[in-house]
Amino acid sequence: MANYSALARITWYAVAAAGLTGVPAVMPAQGPPAAQLMKQGKPEDAFISSDKDTRPYQKRDFNGLWSRNPRQYGLPACPECSDPGPWPRNGYGFNGTPAPRTAEGEKRFQANKPARGIELGSEEAKQRTDLDIGLRRAVLPAFGNDPEGRCEPLGLARLITFSGGGATMEMIHAPSNDRIIQRFEWTWDNREIWIDGRKIPNIDDYLPRYNGYSTAKWEGDTLVVTSAGFDDRQWLDQYGYPISDHAVLEERWDHPSPNRLRVQLTLTDPTYYSQPWKSSLKVWTLIPKEKMSVGGWSGVLEDRCIPSDESLFNTFRDHAAGKK
Amino acid sequence: MASLSKKTLTLSAGLLLSTVMWAHHGSAISYDTAHLWTTWATVTEFNYLNPHPSMTFDRTTKDGNVEHWVAELLTNPSILVRAGWTKSRSMEALKPGTRVKLYVGTSRAGGFSGIVMKIENEQGESIVGDRSDVTGVDKDGVPGGMQPSGKQKLPGEEK
């Protein structure tokens, strides 16, 4: 952890010293260079970090404010933070190679009308047959049905994959060490990752919810999070891929260098997809809180989606589409 | 502006931001941002709200007619505030009656609707945004500004 909060560091040391974290109480005297850390990853891992910080850090400490657009905060660019999706202008989708959809999944996919991606019917859409059709079917927002356009909750996968150009997330290890709280700036949402040994619930016994139910365990220095129990009104990402209420989402989070946090997601959803779907790698940069400050007040902004504001905005959108 | 009844105008908007924000709420697809144009206008309303600010403005054509436009800005409040354009500062800079030069992309459906990519005050300073690199064709006083050449087929439009 490089420059985050001194208080968080103190808390970490105190908790670690008390033997509550399961990680060494003593920070390493000298951490290995970031490039070397990269090589310690999985063999298929081609991730290259542009982080030049070689100061020691705790690989299991995810505390901090994270962004995929550090330049917004006056920090060096993070090329690997740009989603390595198949389409340069694709924003932040789930990406990877979309899994084949079941008949039920295809029906739901067709019902979703996204406003992001290559324009439906355009020459580019016709030419880019190398891309999944999900990236080539964007309609005008006024003619789409993106739940975001009604300020409905984004849902867990979309919160993670869509951080916008600068929308920030914050990770907080609870002092009790039984969970990690993840906060998302855009829509002012949050989720809990329980690491107290509990099992993922039998989802038929629980009320589905947008961010599901998440449990986690450490595999080495990788936090493996398993989530289930999703409300299926959400979209998997901004391109309108569906996710069912019986989907299981796995996230593998790690902290490969002092100023990088990354995750890869795998969706297993037999209701809508005939095989698991692995996302592209998502990478964030640590933002020192003093860099993320407005008028001296640092931290995540309350960037809510307010239905009445959205409704007003949509009148402009409808006007732009000539919609009466 | 509580409803489109007051939508006599339209907006323009403005601004800024990083290219990655371009996709937020699917802004790009609604407007012809490949053909930007400029005009002097008078602000009639400015809304500093999520997901994107919006505004309405009047522009007077060479023959003396007043056009009422509506527009959105590309940026959003979280970006603006971090760029120093707080709500109070932005509202003051674009209070009704303020004369500004706008860099506009007309809606693809045509009419007096667009997206404002850059705003300058009468001193030539870029305000409520940080897109200093935007350029446009001067259409000040030209009726309709720059309009689509014909009826476009809009993706998703009801046939």
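What counts, and where the lines are drawn
- Residues numbered from 1 in each chain as written.
- Chains lettered and ligands numbered in written order.
- Predicted model: local features only at pLDDT ≥ 70, side-chain atom pairs only at ≥ 80, totals over all residues.
- Heavy atoms only, no water.
- Helix = DSSP H or I, 4+ residues; strand = E, 2+ residues; numbered from the N terminus.
- Buried < 20%, exposed > 50% of the residue type's maximum accessible area, 1.4 Å probe, protein only.
- Contact = heavy atoms within 4.5 Å.
- pLDDT = per-residue confidence, 0-100.
- Disulfide = S-S within 2.5 Å.
- Pairing = 2+ DSSP bridges.
- Phe/Tyr/Trp six-rings, centres within 6.5 Å; stacked < 30°, edge-to-face > 60°.
- Lys NZ or Arg CZ within 6 Å of the ring centre and 35° of its normal.

(A) Main features of the overall build of chain A. When helices and strands are tallied, chain A shows 6 helices and 12 strands. Expressed as a percentage of the 324 residues in chain A, the buried residues total 55%. Across chain A, contacts joining residues at least 24 apart in sequence account for 64% of those joining residues at least 6 apart.

(B) Focus on the confidence of the model for chain A. For chain A, mean pLDDT is 85; residues scoring 70 or higher make up 82% of the total. This stretch, residues 1-44 of chain A, has a pLDDT under 50; its non-local contacts, to residues over four places away or in other chains, come to 74 contacts.

(C) Focus on the state of the cysteines. Residues and elements named next belong to chain A. Inspection of the entire model under this criterion finds 2 disulfides over all chains. Sulfur-sulfur distance for the disulfide between C78 and C81 comes to 2.1 Å. Between C78 and C81, the disulfide has an S-S torsion of 75° and is therefore right-handed. Here the two residues C78 and C81 agree in accessibility, since each one is buried. In this model, C151 is linked to C305 through a disulfide, with the two sulfur atoms separated by 2.0 Å. Between C151 and C305 the sulfur-sulfur dihedral comes to about -75°; the bridge is accordingly left-handed. Taken together, the positions of C151 in the loop between α4 (123-127) and α5 (156-161) and C305 in the loop between β12 (297-298) and α6 (307-320) put the pair 154 residues apart, joining distant regions of the chain. On the basis of relative accessibility, which here comes to 16%, the residue C151 falls in the buried class. A relative accessible area of 13% means that C305 is categorised as buried. Looking at chain A, its bonded cysteines, counted consecutively from the start of the sequence, adopt the pairing 1-2, 3-4.

(D) Representation of the pairing of strand β1 (residues 64-67) of chain A within the structure. Residues and elements named next belong to chain A. Side chains G64 and W66 of β1 all project onto a buried face; the interleaved residues L65 and S67 project onto the opposite face, where all are buried too. Relative to strand β2 (residues 169-173), β1 is paired through 3 bridges, and the arrangement is antiparallel. Its bridge partner lying in β2, W66 is registered against M169. Relative to strand β10 (residues 282-287), β1 runs antiparallel, the two being bridged by 3 bridges. Directly across from S67, in β10, lies its bridge partner T285.

(E) Quick look at the environment of A:C151. Put simply, A:C151 and A:W194 are 43 residues apart on the chain and 27 Å apart in space, counted from C-alpha to C-alpha. Discounting chain neighbours no more than four positions away, the residues touching A:C151 are A:C305, A:I306, A:P307 and A:E310.

(F) Examining the packing of aromatic side chains more closely. Under the definition given, this model contains 11 aromatic pairs over all chains. Here B:W69 and B:F112 contribute two aromatic rings whose centre-to-centre distance is 5.2 Å and whose plane-to-plane angle is 20°, an arrangement assigned as stacked. Remark: B:F112 occurs in the loop between β4 (99-106) and β5 (113-120) and B:W69 occurs in strand β3 (residues 66-73); sequence separation between them is 43 residues. Assessed through its relative accessible area of 0%, B:W69 is described here as buried. Among the aromatic side chains, those forming a connected cluster through ring pairs are A:F94, A:F109, A:Y241, A:Y273 and A:W277. Stacked on the ring of B:Y103, the Lys or Arg B:K118 has its end atom at 4.9 Å from the ring centre.

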